[in-house]
Amino acid sequence: MISFILILISAIFFPGIIAITKAKFSGRKAPSVLQPWFDIIRLSKKGSVFSTTTSIIFQISPVLNFVILIAVALIIPFTNKFPGIIHFQGDFLIFIYLLALGKFFLIIGALDVGSGFEGMGANREALYSMLAEPAFFMVIATLVLLTGNSSFSDMFSGLNLNLYSAILFVLLALYILVQFAMIESSRLPVDDPKTHLELTMIHEVMVLDNSGIDMAMVNIGNSLKFSIFGAIMANIILAIWPINLVLSILIFLVVELIFALLVGFLESFKARLKLIYNSQFILTISSIGVVLFLMILLLKNQL
Amino acid sequence: MNSLIIAVFILSWFTFAFSKKLSYWYVFVLELILWISTSYLAIHVLISGNDYISELISNFYFNPLTIKIDRLTAFFILLINFTSLSSYIYAKQYLQPYLKEKSRFNFSLHYFNFFLLNFAMLFVVMVSDAIGFLLAWELMSLSSFFLVIFESDKPNIIKTGIKYLVQMHIGYLFLVAGFVAVYFKTGIFGFEGIKHLIESTSLNYGLSSNFWLFILFFIGFGIKAGFFPLHSWLPHAHPAAPSHVSGLMSGIMIKMGIYGIIRILFNLPELDLSIGLFIFLISIFTGVFGVMSAIVQHDLKKLLAFHSIENIGIIGIGIGLGVLGEVYHQPAIAVLGWAGALLHIVNHSLFKSLLFYAAGSVYLKTHTRNLNKLGGLIKKMPFTAFAFLIGAIAISGIPPFNGFISEFIIYNGFFEGIKQSGLVFPMLMMFGVLALALIGGLAMFCFTKAFGVVFLGTARSNEASHAKEVGWSIKFAEILPIFWIVVIGLLPVYFFNFVNVILQNRFPLFPFKQIAITNSLKWVGVLGIILIVVIALFYAIRKLILKSKKVVYGPTWGCGYTAANASANQYNASSFAANFKRISNPVFVDLSSEIEYGDEEIFPEKKNFKTHVEDKLEFKLIVPIANTILKYVKKIAVLQTGKIQDYILYPLIFIIVMIVLTILNII
Amino acid sequence: MNALFILLFAVSIFYFSISVNVKTYIHLLGIQGVLLFLISLNGLHELSYVHLIFVGLETLLFKGIIIPVYLLNIAKKNKVTNIKNFKARRKMKGFYLILTTTLVFVFTIFLGNLLKNDFLNVKIFATAITAVLMGLIFIVINKNITLHIISFIIIENGVFLMAIAIGNQMPMMVNTAILLDLFVSVLVLGVFFNKLAYHFHDDSSDILSKLKD
């Protein structure tokens, strides 16, 4: 329960902090922290425009994505003392595959519109999400290897390593998770959310034709996704050594804040890769995940 | 019960006496008797746990023909019967356009072979001594050959059928060789002989003689199942056959190969590491290869055929995990592996037959299988679109349907394996996790393409824009698998327990009811139900909210270019797969044509462009070898003159030569 | 702490597979030199101080600073900056190189497990063999002489690591041999660029076969 409330709290502030960071780095005047939520409220008051080519799939896809993200947020625990509302052995598989279900409907919702733009975004998104999945699986597999438990709620218990190896693991796992979160939420360097050229969009163009309350749900979903990944990262950091409750909550919120600042920082200073190099980049992240798993395996066997 | 089975077989020969419509119902009645009798026996065995052994015909070939139904057989019997039922119901409306063209003999032959195929498959799983088994196997291959070449007036269908028949017989040779080798080692000609094979086994990397024997059988069964180097008949036979036959073949006939492999593994007294590693690695390769080849296809049924190869790979991964778990003395992991594989056999037959039925409905109403000519069918054929969507979600292994459940069980097996100590075993498990993740992602890519291009968007050709929905009998045939897909997805614990019943003899001391995965599966089912309910609720709330707002409908934004046909602007199948094609080059041979412009061409004329991919293994390895053999065989074919005098002359010469040689005491 | 440096060394080999700029390659070589210094400090226990200073000089000074600076100067002088501008392109795309690197890494860990004994540090051994094999694969794929020299230095780094993996001490012989190889390769590169490429107007290594005795 605690983690769900904390995720919701961070989701409220997340997009605002990213926008403020980007504005400060580009020398512009920053908007208010809750500005994205004013946008969402404005969107939900509007009506909708639907294309005659679309069918029920287009209408059901934003609803489905929204519900899935809320369901997935219920699985994330808060360290190993407070398991998530839903927890069982192998729940991280439900986590990943529910996100895959959301992506499935996002892609066919985009193809439903029957325009070339959405098709472009759809096929790029399908390829990149497929190449990025092994990265997350490898981080989870390393956690299973270290702690011997296969449920999210037990995995973030104390890692049985000496301090240096624990720092090694945390550093690399955080690097992979940050990149994975950026790829999944379609941020730089894979996809630029602020580009206005449809030919270069990936995620933005898939939701191009949504309007009104559908667009509001998509925006809420985006910020929820970020805070869910931030929660996993905070759990990994908190797993190194046990602390009391209040300090843990504080560290959790600070980690989410730093993640938001980091996203804003990376967005302001990185350029978007050429589309041909995207698949190479994502495959490198997955390979580094494999290297991490093998290194921890060797360390565990004292080789 | 035995007399029923024999009587039904004899009665089926009279199908040829009936008219086109009546022969359908005649065979339907015979099939019903067969299904009910065998299913009754199967359910009896599953519940009571005793094997059913009975003699059908004594002195069939100097030995009685006995059938032996144990739990594994009972499992397969139920699966065969269900798939044949749905396939036969589908066939009625599917074959309707052929009523005018084909003769009465064609129809009767088709239904008769349908019955024979069902009968032969039942006997393949029920008979355990070699001669009866091989007889049933041959009958299965022959009857499926006749079913495949139903549309024999098209030129390349007979060629495909012959290709299929030749490959099946090559596999048959290997099976015979395997059984003969077992006979020479143990003196028993059949599956029982494998139980007596003794060989020293250990956890080293040497190859025992059991391994080579297993390879012999694996080639024979693997040609039927469709493992990687032996798969080349699958992508040709499935599109050539009519859709109910494709659904039947893909749904259950290729599982007969898997049945053979499982039977051998269950009967081997001790499994060793080389067998486990071999199955594991080749299944990983098969799975990834199958789905990579599927993405670049533009024929709907060929795409589905390659996905069958991929799912056979997943079943093989489960079997490999089970064997590896037994070799490393981890019964928990082995149970998860075997249970996942067996459950995936059920799941695959359900959603693959459903997908083939939906694809067949599309072909029936639009007369084309080319993805680039379809589109927008969800408005014209909503039920078919719904069926295809459920099949697509299930085959990508996505919750809340049944594909996720079997992959979940195998994944859990992998993660249990990662927790073990040692270096090699966790590394193998890592490979398995990576392979399954990759296969799942690629399958999602492929099926978003297939569903999106066929059913969504605007129609890309005239036939697609005038399609109509199918009749009630096809809808009923599709509802049968849909029902089980949804039930297995939402109530998985019962089916996991059902599959564990089969494994109880193999792992007698294992606490089946107390493992953690039963709790997880219960949660997965509950989550699935809640998810569907909540999504429906939120959708209803959204509709309510939208009623009070202003909703406008208009055409899709064409970027200001409205003169062209709306369908020309959207992505089609080749463009969707293009960025994957660039990175999956090693798997296929690209025979696309290029567009060339002349030097002085200022205003381009109309050009033609063709994309076509071929399976690399077949194109580079099998076709050149076959062509070389044909070149030499053609020289010998001079002897085949077609005149009856020559054909009498040859044996006459042979007889005279034999007599002379015997007199001279040379032979 | 050692594990982190070994891991960063392995990751640097991955970045070799995907880089496009020659400057990135040279920076990675510098980073590898520094990492080798840190690994050798941790891994070689039984050395006298003199020996340690020598090893430190060799890795930190030569591989970490001098050679990258020299290579950067040569690259700037001859305007070889981007692989795409080379006349001799490479055969394998970046995507497949990463897959190959991952497979080679897994294979070497498996190999290290087979050869397991008390003296062998499998992590360093696996990374070393990966470096050697990937250096060889780079030489086979590329045709340009600058990349050949860079791959050669990667192989030398791998050999250095192998010496650390097998024991706690490093005889002077090994050190001197590696230094000699480095001198020879850098000399060849210098000669090549100052004389040969100027005359033949071609930067592919095929022209070396045109040289007569």
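Residues numbered from 1 in each chain as written. Chains lettered and ligands numbered in written order. Predicted model: local features only at pLDDT ≥ 70, side-chain atom pairs only at ≥ 80, totals over all residues. Heavy atoms only, no water.

Let's talk about the overall build of chain B
Argument step 1. Helices and strands together make up the secondary structure of chain B, namely 24 helices and five strands.
Argument step 2. The C-alpha atoms of chain B give a radius of gyration of 27 Å, which matches the 26 Å a tight globule of 667 residues would have.
Argument step 3. Its C-alpha atoms give chain B principal-axis dimensions of roughly 100 × 70 × 55 Å.
Argument step 4. Within the span of chain B, comprising 667 residues, buried residues form 58% of the whole.
Argument step 5. When contacts within chain B are restricted to residue pairs at least 6 apart in sequence, those whose partners lie at least 24 apart make up 79%.
Argument step 6. Surface accessibility of chain B: about 27,200 Å² in total, with carbon and sulfur atoms responsible for 68%.
Argument step 7. Of note, chain B has its 48 positive side-chain charges centred 9 Å away from the centre of its 32 negative side-chain charges. (Helix = DSSP H or I, 4+ residues; strand = E, 2+ residues; numbered from the N terminus. Rg over C-alpha atoms; globule rule 2.2 N^0.38 Å. Buried < 20%, exposed > 50% of the residue type's maximum accessible area, 1.4 Å probe, protein only. Contact = heavy atoms within 4.5 Å. Areas by Shrake-Rupley, 256 points an atom, 1.4 Å probe, with all protein chains shown as cover. Lys, Arg positive; Asp, Glu negative; His and termini not counted. Charge placed at Lys NZ, Arg CZ, Asp CG, Glu CD.)

Focus on the overall build of chain A
Argument step 1. From N to C terminus, chain A includes 11 helices and one strand.
Argument step 2. Going from the N terminus to the C terminus, chain A shows its helices and strands as α-α-β-α-α-α-α-α-α-α-α-α.
Argument step 3. Against the 2.2 N^0.38 benchmark of 19 Å for 303 residues, chain A shows a C-alpha radius of gyration of 19 Å, consistent with a compact globule.
Argument step 4. Each of the three principal axes of chain A carries a C-alpha extent, and together these read 60 × 40 × 40 Å.
Argument step 5. Sequence-distant contacts in chain A: of pairs separated by 6 or more residues, those separated by 24 or more amount to 79%.
Argument step 6. By element, 70% of the accessible surface of chain A is carried by carbon and sulfur atoms, the whole surface being about 9,800 Å².

Considering the interface of chain B and chain A
Argument step 1. The interface of chain B with chain A comprises 73 residues on the first partner and 77 residues on the second.
Argument step 2. Counting the surface lost from both chain B and chain A, the interface buries some 6,500 Å², and carbon and sulfur atoms represent 76% of this.
Argument step 3. At the surface where chain B touches chain A, the tally comes to one salt bridge.
Argument step 4. A salt bridge links R542 of chain B to D214 of chain A; the shortest N-O distance between them is 2.8 Å.
Argument step 5. Put simply, chain B and chain A have 17 residue pairs in polar contact (both at pLDDT 80 or more) between them.
Argument step 6. Elements with a minimum of two residues in the side of chain B that touches chain A: helix 14 (377-380), helix 15 (382-395), helix 16 (402-418), helix 17 (424-455), helix 21 (516-547), strand 3 (551-554) and helix 22 (573-583) of chain B.
Argument step 7. If one sorts the elements of the side of chain B that touches chain A by residue count, helix 21 of chain B sits on top with 15 residues.
Argument step 8. Across the side of chain B that touches chain A, the residue classes break down as 47 nonpolar, 18 polar and eight charged. (Buried area = accessible area lost by both parts, 1.4 Å probe. Salt bridge = Lys/Arg side-chain N within 4 Å of Asp/Glu carboxyl O. Polar contact = N/O pair within 3.5 Å; in protein donor to acceptor, adjacent residues only side chain to side chain. Nonpolar A, V, L, I, M, F, W, Y, C, P; charged D, E, K, R; others polar.)

Considering the interface of chain B and chain C
Argument step 1. Taken together, the 11 residues of chain B in the interface contact eight residues of chain C.
Argument step 2. Across the chain B/chain C interface, buried area totals approximately 760 Å², and carbon plus sulfur atoms make up 77% of it.
Argument step 3. Counting the surface chain B buries against chain C, the share from its top three residues, L423, M427 and I583 of chain B, is 51%.
Argument step 4. The interface formed by chain B and chain C includes zero salt bridges.
Argument step 5. Our count for the contact surface shared by chain B and chain C stands at one residue pair in polar contact (both at pLDDT 80 or more).
Argument step 6. Elements with a minimum of two residues in the side of chain B that touches chain C: helix 17 and helix 22 of chain B.

A look at the packing of aromatic side chains
Given two aromatic rings, their pairing is described by the distance between the two centres and the angle made by the two planes.
Argument step 1. As enumerated under the stated definition, the model contains 87 aromatic pairs over all chains in all.
Argument step 2. Ring plane angle 80 degrees and centroid distance 4.8 Å describe the contact between F92 of chain A and F415 of chain B, whose orientation is recorded as edge-to-face. Of this pair, F92 of chain A sits in helix 4 (residues 91-112) while F415 of chain B sits in helix 16, which puts the two residues in different chains. Both residues of the pair, F92 of chain A and F415 of chain B, belong to the buried class.
Argument step 3. A network of ring pairs unites the aromatic residues Y24, W25, F28, W35, Y88, Y98, F107, Y111, F114 and F150 of chain B as a single cluster.
Argument step 4. Positioned above the aromatic ring of F150 of chain B, the side-chain terminus of K102 of chain B is 5.3 Å from the ring centre.
Argument step 5. Taking NZ or CZ as reference, K475 of chain B lies 5.7 Å from the ring centre of F383 of chain B, over its face. (Phe/Tyr/Trp six-rings, centres within 6.5 Å; stacked < 30°, edge-to-face > 60°. Lys NZ or Arg CZ within 6 Å of the ring centre and 35° of its normal.)

Section: the side chain of T160 of chain B
Residue and element names in this part refer to chain B.
Argument step 1. Here T160 shows up in helix 6 (residues 155-186).
Argument step 2. On the basis of relative accessible area, T160 is assigned to the buried category, the value being 12%.
Argument step 3. In this view, T160 contacts H236, A237 and A240; residues no more than four positions away in its chain are not counted.

Here we look at the pattern of salt bridges
Argument step 1. Across all of its chains, the model carries 14 salt bridges over all chains by this definition.
Argument step 2. Connected through shared salt-bridge partners, K22, R187 and E267 of chain A make up one network.

What to know about the environment of Q89 of chain A
Argument step 1. Among the secondary structure elements, Q89 of chain A is positioned in the loop between helix 3 (56-73) and helix 4.
Argument step 2. A relative accessible area of 23% means that Q89 of chain A is categorised as partly exposed.
Argument step 3. With near-sequence residues (within four places) excluded, Q89 of chain A lies in contact with S150 and S151 of chain A together with F408, N412, E416, K419, A516 and S520 of chain B.

So, the side chain of D299 of chain B
Residue and element names in this part refer to chain B.
Argument step 1. Positionally, D299 belongs in the loop between helix 11 (273-295) and helix 12 (300-327).
Argument step 2. Within the structure, D299 has its side chain in polar contact with the side chain of R369 (distance 3.2 Å).
Argument step 3. Residues in contact with D299, not counting those within four places in the same chain, are P239 and R369.

What about the packing of helix 3 (residues 71-94) of chain B against helix 10 (residues 255-267) of chain B?
Residues and elements named next belong to chain B.
Argument step 1. One can describe the packing of helix 3 onto helix 10 by two numbers: an axis separation of 12 Å at closest approach and a directional angle of 175 degrees. In terms of orientation, helix 3 and helix 10 fall into the roughly antiparallel class. Here L72, T73, F76 and I80 of helix 3 lie close against helix 10, whose contacting residues are K255, M256, Y259, I262, R263 and F266.
Argument step 2. Looking at the contact of helix 3 with helix 10 residue by residue, the classes come out as seven nonpolar, one polar and two charged. (Axes fitted to C-alpha atoms, helices over the stretch in contact; angles between N-to-C directions. Parallel < 35°, antiparallel > 145°, perpendicular 65-115°, else oblique.)

Quick notes on the packing of helix 17 of chain B against helix 22 of chain B
All names here are of chain B.
Argument step 1. Between helix 17 and helix 22, the least distance of the axes is 9 Å, while the angle of their chain directions is 165 degrees. Our classification of the angle between helix 17 and helix 22 gives roughly antiparallel. Of the two elements, helix 17 crosses helix 22, and the hand of that crossing is right-handed. Of the residues in helix 22, those in contact with L442, F445, T448, K449 and V453 of helix 17 are A573, F576, A577, N579 and F580.
Argument step 2. The residue makeup of the contact of helix 17 with helix 22, split by class, is seven nonpolar, two polar and one charged. (Left-handed = near helix turned anticlockwise from the far one by under 90°.)

With respect to the domain arrangement of chain B
By convention, interface size is frequently given as the accessible area that disappears when the constituent parts associate.
Residue and element names in this part refer to chain B.
Argument step 1. Taken as a whole, chain B is organised into domain 1 (271-545 + 567-592) and domain 2 (612-667).
Argument step 2. Measuring from the centre of the C-alpha atoms in domain 1 to the corresponding centre in domain 2 gives 45 Å.
Argument step 3. Facing 13 residues of domain 1, the contacting portion of domain 2 comprises seven residues.
Argument step 4. Buried area between domain 1 and domain 2, both sides added, is near 880 Å², and the carbon and sulfur share of it is 59%. (Domains from an automatic or database assignment.)

Quick notes on the confidence of the model for chain B
Argument step 1. Residues at a pLDDT of 70 or more form 97% of chain B, whose mean pLDDT is 87.
Argument step 2. In the model of chain B, strand 1 (residues 52-57) of chain B stands out as the element of lowest mean pLDDT, 76, in contrast to helix 12 of chain B, which has the highest, 94. (pLDDT = per-residue confidence, 0-100.)

Topic: unusual backbone geometry
What you tend to see is this: most non-glycine residues have negative phi, and most peptide bonds are trans.
Argument step 1. Residue P399 of chain B is joined to P400 of chain B through a cis peptide bond whose omega torsion reads 5 degrees.
Argument step 2. Within the secondary structure, P400 of chain B is located in the loop between helix 15 and helix 16.
Argument step 3. Of note, S186 of chain A is a non-glycine position whose phi angle comes to about 60 degrees, a positive value.
Argument step 4. Checked against the element boundaries, S186 of chain A lands in the loop between helix 7 (163-184) and helix 8 (203-206).
Argument step 5. Despite not being glycine, H329 of chain B has its phi angle at roughly 60 degrees, a positive value.

Some points on helix 23 (residues 616-636) of chain B
Argument step 1. Spanning 21 residues, helix 23 of chain B covers 30 Å between terminal C-alpha atoms, matching the ideal 30 Å at 1.5 Å per step.
Argument step 2. The sharpest bend along helix 23 of chain B comes to roughly 30 degrees, located at I622 of chain B, with the proline P624 of chain B sitting one to four residues further on. (Expected span 1.5 Å × (residues − 1). Bend = angle between axes of the 7 residues up to and from the residue.)

Topic: the environment of G313 of chain B
Residues and elements named next belong to chain B.
Argument step 1. Its place among the elements puts G313 in helix 12.
Argument step 2. Given a relative accessible area of 0%, G313 falls into the buried group.
Argument step 3. Sequence spacing of G313 and L281 is 32 residues, and the spatial spacing of their C-alpha atoms is 9.7 Å.
Argument step 4. In this structure, G313 is in contact with S283, T286 and G287, ignoring residues within four places of it in sequence.

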